[in-house]
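Take a look at the letters that make up each chain.
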Amino acid sequence: MTLSNIERKIIENSIRDIKDFPKPGIVFKDITTLLNDKEAYGVLMNHLYQRYKEYNLDYIAGIDARGFIFGAALAQMLRVGFVPIRKKGKLPYTTISEKYSLEYGVDEVEIHIDAFSSIENARVLLIDDLIATGGTANAAATLVKQAGAQCIEACFIIALSFLDGVENLESKTDVYSLIEVN
Ligand code: AMP
C-alpha cells in the first residue's frame, strides 16, 4: 500500500524547511511541525499502520532520535516490540556497534545484543525520519542482522533523492520512502 496524493500533500505541507541548519548549505527537514499537526501526524501514522499491518512484523527498530518517535508509536499500533538503535555510549547493557563514515570523520550506532533474542529470526522494520547519504541506515541494518534478526524493510518519511542513500541501502534491504525531495 502506498500513499495517496492527498495524504502525501498533507504530510509534505506539515514539514518545515530550515535553511543553513546545522551548518551553511544544509536544508534541514524539520518534522516537529508534522508532530505538532494532529491531522498530518494522524494521516502519517494511519498510513504506516495500514501498510505494515500485513507484514507480519515482530519488531520495529527506530534510529536515534527521530526514528524513536514514529517507530515507538507504530510499534504500539501494530502490537509489536520496539528496539532503539542508539548513538554510541547511550545503551546500558552489552551492545553490538557499527561505525559509518560522515562527511568528516566517523560515527557509531549501537544495539543491545539481546534486542531480538526472544524471537528466532525476528522480522524487523527499520524506521527513521529521513535518509540522506544512507550511512546511518546502512549501519543500523547491519546491526539488525548482527543481532540475529531479518531487516524486512527500511522506512523513511523523507528521502533526499539527490543523494544515493536509498540506492546504497537497497543492496541490503527493501526501502520505502513516503516523500522524495529533489
Ligand atoms: P545519513 O546517514 O546521511 O543518511 O543521515 C541520516 C540521519 O541524519 C537521519 O537520522 C536524519 O534525521 C539526519 N539528517 C540528515 N540530513 C538531514 C536533513 N537535511 N534534515 C533533517 N535531518 C537530516
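Residues numbered from 1 in each chain as written. Predicted model: local features only at pLDDT ≥ 70, side-chain atom pairs only at ≥ 80, totals over all residues. Heavy atoms only, no water.

Asks: Help me understand the environment of Met45 in this model?
Replies: For Met45, the location among the structural elements is in helix α3 (residues 38–52). A C-alpha to C-alpha distance of 8.7 Å links Met45 and Met77, two positions 32 residues apart in sequence. Not counting the four nearest positions on each side in its chain, Met45 is found in contact with Phe70, Ala73, Leu74 and Met77. (Helix = DSSP H or I, 4+ residues; strand = E, 2+ residues; numbered from the N terminus. Contact = heavy atoms within 4.5 Å.)

Asks: Would you mind going over the site of the ligand with me for this structure?
Replies: Close contacts around the ligand come from 14 residues, with Arg66, Asp129, Thr133, Gly134 and Thr136 the closest. When each cavity is represented as a set of grid points, the ligand is found to reside in the largest pocket. Of all the elements in the fold, those that place two or more residues in the shell around the ligand are β2 (27–30), β7 (123–131) and α5 (135–146). Of the residues assigned to the shell around the ligand, the class counts are six nonpolar, four polar and four charged. (Near = heavy atom within 4 Å. 1 Å grid on protein atoms, 1.4 Å probe; cavity = no way out; pocket = protein on both sides within 12 Å on 5 of 7 lines; lining within 4 Å. Sits in = over half its atoms within 2 Å of the grid points. Nonpolar A, V, L, I, M, F, W, Y, C, P; charged D, E, K, R; others polar.)

Asks: It is not clear to me how the UniProt feature "domain: Phosphoribosyltransferase" (unreviewed entry) in the chain should be interpreted in this structure. Could you clarify?
Replies: The UniProt feature table records "domain: Phosphoribosyltransferase" (unreviewed entry) at residues 35–174. Between the first and last C-alpha atoms of residues 35–174 the distance is 26 Å; the span itself is 34% helix and 34% strand. (UniProt positions renumbered as here; feature names shortened; annotations may be inferred.)

Asks: Looking at this structure, I do not really get the side chain of Asp128. What am I missing?
Replies: As for its position among the elements, Asp128 is in strand β7. Summary of buried charges: Asp128 has no salt-bridge partner, and the nearest side chain of opposite charge, Arg66, is 5.8 Å away. The contact partners of Asp128, leaving out residues within four places of it in the chain, are Ile63, Arg66, Gly67, Cys155, Phe156 and Ile157. (Buried < 20%, exposed > 50% of the residue type's maximum accessible area, 1.4 Å probe, protein only. Lys, Arg positive; Asp, Glu negative; His and termini not counted. Salt bridge = Lys/Arg side-chain N within 4 Å of Asp/Glu carboxyl O.)

Asks: Would you take a moment to explain the pattern of salt bridges for this structure?
Replies: Pairing between side chains of opposite charge can happen when the charged atoms of each approach one another. Overall, the coordinates contain eight salt bridges when judged by the stated rule. With a shortest N-O distance of 3.0 Å, Arg51 and Glu153 are connected by a salt bridge. Taken together, the residues Arg51 in helix α3 and Glu153 in strand β8 (residues 150–160) connect sequence positions 102 residues apart. Each member of the pair, Arg51 as well as Glu153, is classed as buried. Among the salt bridges present, the one from Arg86 reaches Asp64, with a minimum N-O distance of 3.3 Å. Here Arg86, found in strand β4 (residues 81–87), pairs with Asp64, found in the loop between β3 (59–63) and α4 (66–78); they are 22 residues apart in sequence, far enough to count as distant. Owing to a relative accessible area of 24%, Arg86 belongs among the partly exposed residues under this scheme. Asp64 gets classed as buried once you look at its relative accessible area, which sits at 14%.

Asks: Would you mind going over the nonpolar core with me for this structure?
Replies: One recurring pattern in soluble globular proteins: nonpolar side chains tend to sit buried together. By size, the foremost hydrophobic cluster in this structure holds 29 residues, and its most contacted members are Ile85, Ile111, Phe116, Val124, Leu126, Val144 and Leu169. Secondary structure elements with two or more residues in this core: β3, β4, β5 (95–101), β6 (106–112), β7, α5 and β8. Per-element accounting of this core gives the leading share, six residues, to α5. Sequence-distant contacts of Ile85, that is, excluding residues within four places in its chain, are made with Ala61, Gly62, Ile63, Asp64, Phe68, Val109, Glu110, Ile111, Leu126, Ala140, Leu143 and Val144. Grouped together as the second largest cluster of nonpolar side chains are 28 residues, Phe70, Ala75, Leu125 and Ile152 included. (Core = buried A, V, L, I, M, F, W, Y, C linked by side-chain atoms within 4.5 Å.)

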